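Residue-level structure breakdown
Okay, here's what each chain looks like letter by letter:
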Amino acid sequence: MIVAANFKTHMTRQGTREYLDELSRFVAARERDDTVMVFPPATALECGSTGVLVGAQNAYATRNGAFTGEIGLEQLEEFEIRTILIGHSERRHVLGESQEDIVHKCNFFKEQGFRIIYCIGEPIEIRESGSDALMEYLERQLEGIDLGYEQLIVAYEPVWAIGTGLTPSTDDILLIHNALKKIVKRPLLYGGSVKPENAREIMALANVDGVLVGGASLNIDDFTSIIQSTR
Ligand code: PEP
């Protein structure tokens, strides 16, 4: 299974280094073949560590250039970063990335051979419009994405569940993941308020190939407890 931590705008470089050292020791001692990934802030991308894949939370679709405030391929290559999160709901809804921007970014990093965790998820008003509207919304977020790309991982993260403590019922997660698996033949993660208390139940569901964890990943004990919950 895949267990990924998204630190967002939390943690320093020093804090990330200590965290990754401890996490590497934990992963090495476990003798399981789960994939553990950490997406620290850009200032900590140099903290690579054995047994844990470090990825970028974001980058601009360019090698380099005049894009003030962004980082591009050249900056990622310096730290041998080959994994990237694209389409996270905070990038879509807080930072204003359009679907067009996201598809462009995804295609750019695909051409570079990156492992891509591509996030999709519906806001609450779509959720409340019923399951047909929900699936149509999710399918629109997949338009233009090469779903056959062998380095693609898709994360289903309902916007209303991110950082709120709310989660869909396990029946709902199962239904949506089953429907998504008919379209997406790649690993499918669930994200949205995953914590030690619910991780085992969520990862026991068919067609849930792992989890993407925000808030609960900031505490190493909580994150390692989530890793212990893989089936
Ligand atoms: C996320 O940021 O991808 C996420 C799922 O956050 P949280 O676990 O805090 O809901």
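The text that follows walks through the structure, step by step, so that each part is easy to find. (Residues numbered from 1 in each chain as written. Predicted model: local features only at pLDDT ≥ 70, side-chain atom pairs only at ≥ 80, totals over all residues. Heavy atoms only, no water.)

1. Some words on the overall build of the protein
Scanning the protein from N- to C-terminus turns up nine helices and eight strands. In terms of C-alpha radius of gyration, the protein reaches 17 Å, essentially the compact-globule figure of 17 Å for 231 residues. Expressed along its principal axes, the backbone C-alpha trace of the protein runs to roughly 45 × 40 × 30 Å. In the protein, which comprises 231 residues, the share counted as buried stands at 52%. Restricting to contacts in the protein with at least 6 residues of sequence separation, those with at least 24 account for 70%. Surface exposure of the protein reaches about 10600 Å², of which carbon and sulfur atoms provide 48%. (Helix = DSSP H or I, 4+ residues; strand = E, 2+ residues; numbered from the N terminus. Rg over C-alpha atoms; globule rule 2.2 N^0.38 Å. Buried < 20%, exposed > 50% of the residue type's maximum accessible area, 1.4 Å probe, protein only. Contact = heavy atoms within 4.5 Å. Areas by Shrake-Rupley, 256 points an atom, 1.4 Å probe, with all protein chains shown as cover.)

2. Remarks on the pattern of salt bridges
In this structure the tally under the stated criterion is 12 salt bridges. For the salt bridge of Arg30 with Asp34, the shortest nitrogen-to-oxygen distance reads 2.9 Å. Like Arg30, the residue Asp34 is buried in the burial classification. Across the salt bridge formed by Lys110 and Asp146, the nearest N and O atoms sit 2.9 Å from each other. In this pair, Lys110 sits in helix α4 (residues 99–111) while Asp146 sits in the loop between α6 (131–142) and β6 (152–156), placing the two residues 36 residues apart along the sequence. (Salt bridge = Lys/Arg side-chain N within 4 Å of Asp/Glu carboxyl O.)

3. A look at the pairing of strand β4 (residues 83–86)
A two-sided burial pattern is seen for β4, the buried positions comprising Thr83 and Leu85 on one face and Ile84 and Ile86 on the other. Note: β4 against strand β5 (residues 115–120), four bridges, orientation parallel. Paired with Thr83 across the two strands is Arg115, which belongs to β5. (Pairing = 2+ DSSP bridges.)

4. Things to note about the side chain of Asn58
Within the secondary structure, Asn58 sits in the loop between β3 (53–54) and α2 (73–78). Since its relative accessible area comes to 15%, Asn58 is described here as buried. Of note is the side chain of Asn58, whose polar atom sits 2.4 Å from the side chain of Lys105. (Polar contact = N/O pair within 3.5 Å; in protein donor to acceptor, adjacent residues only side chain to side chain.)

5. Re empty space enclosed by the protein
Enumeration over the complete set of coordinates arrives at two cavities of 30 Å³ or more. The volume enclosed by the largest cavity comes to roughly 40 Å³. In terms of lining, the largest cavity is formed by Gly87, Ser89, Arg92, His93, Cys119, Ile120, Gly121, Gln141, Glu157 and Val159. For the lining of the largest cavity, the secondary structure elements donating two or more residues are α3 (89–94) and β5. Here the lining of the largest cavity takes three residues from α3, the largest share from any one element. In terms of residue class, the lining of the largest cavity is made up of three nonpolar, five polar and two charged. Each pocket or cavity is described by its volume, and for the second largest cavity that value is around 30 Å³. Looking at the second largest cavity, the residues that line it are Cys106, Asn107, Lys110, Ile116, Ile145, Asp146, Tyr149 and Leu152. Broken down by element, the lining of the second largest cavity gets its largest block of residues, three residues, from α4. Looking at side-chain class alone, the lining of the second largest cavity contains five nonpolar, one polar and two charged residues. (1 Å grid on protein atoms, 1.4 Å probe; cavity = no way out; pocket = protein on both sides within 12 Å on 5 of 7 lines; lining within 4 Å. Points joined across faces, edges and corners; volume = space filled by probe spheres on them. Nonpolar A, V, L, I, M, F, W, Y, C, P; charged D, E, K, R; others polar.)

6. Quick notes on the site of the ligand
Taken together, 14 residues form the shell around the ligand, and within it Lys8, Glu157, Gly163, Ser193 and Gly215 come nearest. Residue Gly214 places a main-chain N or O atom 2.8 Å away from an oxygen atom belonging to the ligand. Residue Gly215 places a main-chain N or O atom 2.8 Å away from an oxygen atom belonging to the ligand. In isolation the ligand offers 290 Å² of accessible surface; the protein chains occlude 96% of this area. Taken together, the residues of the shell around the ligand break down into four nonpolar, eight polar and two charged. (Near = heavy atom within 4 Å.)

7. Quick look at the environment of Arg200
Tracing the chain through its elements places Arg200 in helix α8 (residues 196–203). A sequence separation of 28 residues divides Arg200 from Gln228, and the C-alpha atoms of the two residues are 8.4 Å apart. Among all residues touching Arg200, those that are not within four sequence positions of it are Gln228 and Ser229.

8. Focus: unusual backbone geometry
Here the phi dihedral of Lys8 falls at roughly 55 degrees; this positive angle occurs in a residue that is not glycine. Position of Lys8 relative to the elements: it lies in the loop between β1 (2–6) and α1 (13–30). The class of Lys8 is buried, set by a relative accessible area of 18%. Unusually for a residue other than glycine, Glu80 sits at a positive phi of about 55 degrees. Among the secondary structure elements, Glu80 is positioned in the loop between α2 and β4.

Any link to function would need more than the numbers given here.
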